[in-house]
Amino acid sequence: MQTVAVIDYGMGNLHSVAKALEHVGAGRVQITSDASVIREADRVVFPGVGAIRDCMAEIRRLGFDTLVREVSQDRPFLGICVGMQALLDRSEENGGVDCIGQFPGQVRFFGKDLVEDGESLKVPHMGWNEVAQTLDHPLWHNIPDLARFYFVHSYYIQAGNPRQVAGRGHYGVDFAAALADGSRFAVQFHPEKSHTHGLQLLQNFAAWDGRW
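As the structure is a prediction and not an experimental result, all values here were calculated from the model. (Residues numbered from 1 in each chain as written. Predicted model: local features only at pLDDT ≥ 70, side-chain atom pairs only at ≥ 80, totals over all residues. Heavy atoms only, no water.)

Participant: Sorry, what's going on with the UniProt feature "active site" (unreviewed entry) in the protein chain here?
Facilitator: With numbering aligned to this structure, UniProt lists the feature "active site" (unreviewed entry) at C81, H190 and E192. Spanning 112 residues, the named residues nonetheless gather at one spot, since no C-alpha pair among them exceeds 11.0 Å. For C81, the position within the fold is in the loop between β4 (77–80) and α5 (82–85). For C81, a relative accessible area of 4% translates into the label buried. Among residues more than four places away in sequence, those in contact with C81 are G48, V152, V187, Q188, F189 and H190. Structurally, E192 can be placed in the loop between β15 (184–187) and α6 (195–207). The contacts of E192, once residues within four sequence positions are left out, are N13, S16, V17, A20, I80 and L202. One polar contact links E192 to H190, side chain to side chain, over a distance of 2.8 Å. (UniProt positions renumbered as here; feature names shortened; annotations may be inferred. Helix = DSSP H or I, 4+ residues; strand = E, 2+ residues; numbered from the N terminus. Buried < 20%, exposed > 50% of the residue type's maximum accessible area, 1.4 Å probe, protein only. Contact = heavy atoms within 4.5 Å. Polar contact = N/O pair within 3.5 Å; in protein donor to acceptor, adjacent residues only side chain to side chain.)

Below, the structure written as structure tokens:
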């Protein structure tokens with residue numbers, strides 16, 4: 001049976017992610033902060049919620065910045081929400097925080113005065129929104145274009161390489177809702193909270209060989 005390591009650095013909705021992975025039959029799912037367990041896993045999931053400065057402080061303290069660079073190279077790897085943002089070069093949250101740098105680009109604040117069509121938009125962006133698929137990727141298998149997923153975020157990703165954008169969202173501004181590069185895939189939304197389409201994405205991840 002394949003193993004899926006859900007990286008625990010104290011900043012993520014880990015049990016919901018693990019339960020969803022178990023529900024789709026992903027294999028033996030382990031929530032772990034043990035680097036050796038993560039290195040031995042067949043697949044790795046990197047969730048995250050909260051402030052990026054706190055997240056990156058814990059990631060660096062545990063040596064997970066180096067570990068993530070290592071394990072995301074040679075097996076299916078999925079970043080979720082702040083776990084996705086941590087894979088970028090830098091976030092402007094908290095005055096600017098350097099991140100892991102596995103995807104080029106910046107994490108930007110939606111702003112306090114986000115307006116569209118004359119109407120003010122609340123920040124954080126919270127709730128269901130469409131994702132336009134911009135790459136033909138195995139993780140979109142059996143998920144229709146413009147399917148709706150569940151988002152909770154005040155910061156959005158401005159990708160540095162448009163060819164890595166696998167899905168786009170819009171909330172006052174266009175933003176990268178999914179990124180893909182090699183065996184890495186990352187999403188801004190929460191698949192574990194996104195019902196049918198989110199579970200399908202996790203099922204696709206469980207079946208993916210890391211190539212596309």
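Participant: Can you help me understand the side chain of H125 in this one?
Facilitator: Within the secondary structure, H125 is located in strand β10 (residues 125–133). Residue class for H125 comes out buried when judged on its relative accessible area of 3%.

Participant: Looking at this model, I keep getting lost on the pattern of salt bridges. Mind explaining?
Facilitator: A pair can form between side chains of opposite charge whenever their charged atoms are brought close. Taken as a whole, this structure holds 8 salt bridges when the rule is applied. Across the salt bridge formed by D74 and R75, the nearest N and O atoms sit 2.9 Å from each other. R75 sits in the buried class, given a relative accessible area of 11%. Ionic pairing is found between D209 and R211, a salt bridge with its closest N-O pair at 3.1 Å. Looking at D209, the relative accessible area reads 47%, which means it is partly exposed. (Salt bridge = Lys/Arg side-chain N within 4 Å of Asp/Glu carboxyl O.)

Participant: Whenever I open this one, the sheet that holds strand β5 (residues 90–91) confuses me. Can you help?
Facilitator: Whenever strands of a sheet pair, they do so through backbone hydrogen bonds, lying parallel or antiparallel. Within the open sheet, the 4 strands sit side by side as β6-β5-β7-β12. Their pairing is mixed. With partners counted over all chains shown, the strands left at the sheet margins are β6 (97–98) and β12 (155–159), one partner each. Of the pairings in the sheet, the one linking strand β7 (residues 105–109) to β12 comprises 5 bridges and is antiparallel in character. Each residue of the ladder has a partner; that of G105, found in β12, is A159. (Pairing = 2+ DSSP bridges.)

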